[in-house]
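Structural overview
Listed here are the chains, written in short residue letters.
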Amino acid sequence: MWCRSLACLFKVPCQLSGSTRHRSPWLPCDRRTVLAAAARWHHTAPESLKCAWQLHGDHLELRYANTLMRFDFVWLRDHCRSASCYNAKTNQRSLDTASVDLGIKPKAVRVDETTLFLTWPDGHVTRYGLEWLVKNSYEGQKQQVMHPRILWNAEIYRQAQVPSVDCRSFLETDEGLKEFLQNFLLYGIAFVENVTPTKEDTEILAERISLIRETIYGRMWYFTSDFSRGDTAYTKLALDRHTDTTYFQEPCGIQVFHCLKHEGTGGRTLLVDGFYAAEQVLRQAPDQFELLSKVPLKHEYVENVGDCHNHMIGVGPVLNVYPWNNELYLIRYNNYDRAVINTVPYDVVHRWYAAHRTLTTELRRPENELWVKLKPGKALFIDNWRVLHGREAFTGYRQLCGCYLTRDDVLNTARLLGLQA
């Protein structure tokens, strides 16, 4: 859903045996087809609707599986998977890319039903499976989603009836762990039930899927309203929706919350799918979405409480997207920690405020708010790159523990279990 439309490529007339008459420029794939010169086309087989190719001065154009692709010659030489160029055991490149002639051109090209063959000036032969090329081409990537997700508002999430995973199943079985990670990857939040309400047991839970990321808040932290840290979170006040550690150069990927005790009222946790809200902005005001994805901002955390002295600064746009398909992968939204806007020229800043207002309106729609009452034994994992969290004000004594997890390790665990992450 985040993919932009593919740009149209114009076909050009080709010449056959010196003839200037115009016809389709696409050369059908056939085992017997060999191109000896870039300026001349050789047809020795009937037209193929499945695959066709054309050689240009600096690139190869290939149409296969309804995908029109263009490959630079240096790219085609650099990605060779022959034994001398690529170590299949370590999945690492052996070829010295800097040694490839930037003006390199194949002296012969041949394509059969499944494979592209390129012969280079030194006689080296490169072979590519056509399916591999579709998957790994720029045009193919534009049509793919890096991280499959289900975007949600409160009603969508409730209707999905996403199950919590039992702690024992989570810790002791691959099936329970896989179910949890699938829920987390699709929705950006996931729950584990029947966790012993201690910091130590919460730590064991977190380490099941990732290394714990130690930050200025420590490794595992207790969270109470004693204002022991210079942060509004350490009070009983309500907190508006936000993502954490926006003031880090790389915001923490996953946050774990476990309510150990609450003797009082209020304190419900608010969850909002930031990607769902951003999708609405993209549909309604794509120019504002683009602005939010390109304008860099500073977020900062300044703390001088007790022995804690910190001044953290992180820089990045509110919306972070993969440029080749416009897929959103990180939202950096925290109005509390946004620093002075001094990275935006005056003729852009007002438009940025308008775009930010549009996104904020979507994030604050009541229908997008999922409210959850955390209780002892119920641990919550939040994708901090996607889902915003907040809380309502509370009374009495409320204690939470939690930690941040390294995102790479969570995704690694998911991939090892066969999930796309």
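Residues numbered from 1 in each chain as written. Predicted model: local features only at pLDDT ≥ 70, side-chain atom pairs only at ≥ 80, totals over all residues. Heavy atoms only, no water.

Ordered in space as 15-24-17-22, the 4 strands form an open sheet in which the pairing is antiparallel. Edge strands, defined here as strands with exactly one partner in the open sheet, are strand 15 (239-242) and strand 22 (370-372). Averaged over neighbouring strand pairs, the angle between their axes works out to 20 degrees when direction is ignored. Relative to strand 24 (residues 387-391), strand 15 runs antiparallel, the two being bridged by 2 bridges. Opposite His242, over in strand 24, you have His389 as the bridge partner. Its contacts with the sheet put helix 8 (residues 274-284) on strand 17 (269-273) and strand 24, and the angle it makes with strand 17 is roughly 40 degrees. (Pairing = 2+ DSSP bridges. Helix = DSSP H or I, 4+ residues; strand = E, 2+ residues; numbered from the N terminus. Axes fitted to C-alpha atoms, helices over the stretch in contact; angles between N-to-C directions. Contact = heavy atoms within 4.5 Å.)

A complete count under the given rule lists 19 aromatic pairs for this structure. Each ring, one from Tyr322 and one from Tyr329, has its centre 4.7 Å from the other, and the planes form 25 degrees; the classification is stacked. Among the residues examined, Tyr322 registers a relative accessible area of 15% and is labelled buried. Three or more aromatic residues link up through ring pairs in this structure, and these residues are Phe71, Trp75, Tyr128 and Trp132. One residue, Lys378, lies across the ring of Phe191, its end atom 4.7 Å from the ring centre. A cation over an aromatic ring shows up here: Arg398 above the ring of Phe394, its NZ or CZ 5.3 Å from the ring centre. (Phe/Tyr/Trp six-rings, centres within 6.5 Å; stacked < 30°, edge-to-face > 60°. Buried < 20%, exposed > 50% of the residue type's maximum accessible area, 1.4 Å probe, protein only. Lys NZ or Arg CZ within 6 Å of the ring centre and 35° of its normal.)

Glancing now at helix 8. Counting buried residues along helix 8, 9 of its 11 residues qualify, which places the element largely inside the surrounding structure. Among the residues of helix 8, those classed as buried are Gly274, Phe275, Tyr276, Ala277, Ala278, Glu279, Gln280, Val281 and Leu282. The N-cap of helix 8, judged by a side-chain oxygen 3.1 Å from the amide nitrogen of Phe275 a few residues on, is Asp273. (Polar contact = N/O pair within 3.5 Å; in protein donor to acceptor, adjacent residues only side chain to side chain.)

A few words on the environment of Ala355. Turning to its location among the elements, Ala355 is positioned in helix 10 (residues 346-363). Since its relative accessible area comes to 0%, Ala355 is described here as buried. For the pair Ala355 and Phe289, spaced 66 residues apart in sequence, the C-alpha separation works out to 7.1 Å. In this structure, Ala355 is in contact with Gln288, Leu291 and Leu292, ignoring residues within four places of it in sequence.

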